[in-house]
Amino acid sequence: MDISFLGGPRPQRGVGVVAPFDFALDRELWRWVPDEISLHLTRTPFVPVEVSLDLARLVSEHETLREAVRALCAVAPEVVAYACTSGSFVGGVAGERAMCAAMTRAGELPSLTTSGALLDALAALGARRIALVTPYTESVTSSLEEYLAQAGTAVTGRAFLGLTRQIWKVPYRDVVDMARQAVVGAADCLFISCTNLPTYDVIPQLEAELRMPVLSANQVTMWAALRRIGARAVGPYQRLLIEEERRARPSAPEQSPERQQQQEG
């Protein structure tokens with residue numbers, strides 16, 4: 001059967017993703033991506049270290065990032081995202097900016113990180129006070145709070161699991177329980193940290209229950225990466241995405257006084 005008339009597969013635009021070696025949620029990232037976008041993932045080299053501040057520093061070394069970005073450039077993505085929250089906040093705000101600069105120099109294309117994307121999402125929502133949920137130990141969670149404080153964001157309440165491995169196996173019910181514990185003060189939104197923590201399906205439920213925007217690490221990473229190339233993340237009942245769509249709608253043209261009088265008459 002001759003199928004040459006089909007003309008080949010549909011053209012795709014590429015988003016490069018650098019993830020830590022233990023990242024297990026590739027499928028979740030894809031759920032925020034529209035059909036015309038392809039994700040190209042690569043991982044940092046394995047190191048025998050549990051989830052900790054030491055691991056965060058190891059998987060975010062500039063030379064590691066440069067090599068990963070160079071590998072991704074072989075398939076010509078339009079933007080590169082570093083999908084790791086702890087790896088991108090461990091050096092503070094200045095460290096996150098330096099990581100982006102190192103990736104940009106390596107690939108000569110726009111680059112971003114999960115923690116930088118979080119700050120962009122908070123700004124888009126006008127959120128300055130947040131409740132915080134993490135699967136991390138207390139020391140890693142405190143490091144995230146320090147990063148947020150540097151950026152002018154206050155943490156009103158927090159909950160964490162103290163895990164050092166296999167974070168991707170945490171069930172949604174545990175994420176929901178932590179969220180309820182964390183929302184104890186006057187927060188503008190909730191942030192669920194760690195790109196290895198499943199969150200896609202739980203965000204709408206928590207937004208409805210808590211009556212506030214809910215952000216997650218994978219959500220803000222994909223939102224920010226797609227935004228950089230003029231595309232929009234997809235997902236049901238997520239305030240960040242709804243607000244982005246609302247802002248993207250063309251505003252109605254202003255009517256002349258004569259036209260308004262005609263309508264009122």
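For the structure itself, look to the data block above.
Residues numbered from 1 in each chain as written. Predicted model: local features only at pLDDT ≥ 70, side-chain atom pairs only at ≥ 80, totals over all residues. Heavy atoms only, no water.

A. Quick peek at the overall build of the protein chain. Of the regular secondary structure elements, the protein chain holds twelve helices and eight strands. Taking 265 residues into account, the globule formula puts the C-alpha radius of gyration at 18 Å, and the protein chain, at 20 Å, falls close to it. Along the first, second and third principal axes, the C-alpha atoms of the protein chain reach 75 × 60 × 40 Å. The proportion of buried residues among the 265 residues of the protein chain is 49%. Considering only contacts in the protein chain between residues 6 or more positions apart, those separated by 24 or more positions represent 74%. When the accessible surface of the protein chain is summed, it comes to about 12,800 Å², and 50% of that surface belongs to carbon and sulfur atoms. When the 26 basic and 30 acidic side-chain charges of the protein chain are each reduced to a single mean position, those positions are 1 Å apart. (Helix = DSSP H or I, 4+ residues; strand = E, 2+ residues; numbered from the N terminus. Rg over C-alpha atoms; globule rule 2.2 N^0.38 Å. Buried < 20%, exposed > 50% of the residue type's maximum accessible area, 1.4 Å probe, protein only. Contact = heavy atoms within 4.5 Å. Areas by Shrake-Rupley, 256 points an atom, 1.4 Å probe, with all protein chains shown as cover. Lys, Arg positive; Asp, Glu negative; His and termini not counted. Charge placed at Lys NZ, Arg CZ, Asp CG, Glu CD.)

B. Helix H10 (residues 217-228), seen in detail. Here H10 spans 17 Å end to end across twelve residues, near enough to the 16 Å set by a 1.5 Å rise per residue. Burial analysis of H10 places ten of its twelve residues in the buried class, which makes it a mostly covered element. Inspection of H10 places Ala217, Asn218, Gln219, Val220, Thr221, Met222, Trp223, Ala224, Ala225 and Leu226 among the buried residues, and these make up the whole buried set. Among the residues trailing H10, Gly230 stands out with phi positive, at a value near 80 degrees. (Expected span 1.5 Å × (residues − 1).)

C. Fine view of the packing of helix H6 (residues 114-125) against H10. Orientation of H6 relative to H10, taken along the N-to-C sense of each, is 80 degrees, at an axis distance of 8 Å. Taken together, H6 and H10 sit at an angle that is classed as roughly perpendicular. Taking contact as the criterion, the partners of Thr114, Ala117, Leu118, Asp120, Ala121 and Ala124 in H6 are, on H10, Ala217, Val220, Thr221, Trp223 and Ala224. Across the contact of H6 with H10, the residue classes break down as eight nonpolar, two polar and one charged. (Axes fitted to C-alpha atoms, helices over the stretch in contact; angles between N-to-C directions. Parallel < 35°, antiparallel > 145°, perpendicular 65-115°, else oblique. Nonpolar A, V, L, I, M, F, W, Y, C, P; charged D, E, K, R; others polar.)

D. Focus on the pattern of salt bridges. For the coordinates displayed, the defined rule picks out 16 salt bridges. For Arg129, the salt bridge is made with Asp188, and the minimal N-O distance between the two is 3.3 Å. Of the two residues, Arg129 is situated in strand E5 (residues 129-134) and Asp188 in the loop between helix H8 (172-182) and strand E7 (189-192); the sequence distance between them amounts to 59 residues. Residue Asp188 is classed as partly exposed on the basis of its relative accessible area of 25%. The partner of Glu243 in a salt bridge is Arg246, with the nearest N and O atoms 2.8 Å apart. Here Glu243 pairs with Arg246, and both are found in helix H11 (residues 239-248), just three residues apart, close to one helical turn. Judged by relative accessible area, Glu243 falls into the buried class, the value being 19%. A relative accessible area of 43% places Arg246 in the partly exposed class. Residues participating in the shared-partner salt-bridge network are Glu63, Arg66, Glu67 and Arg70. (Salt bridge = Lys/Arg side-chain N within 4 Å of Asp/Glu carboxyl O.)

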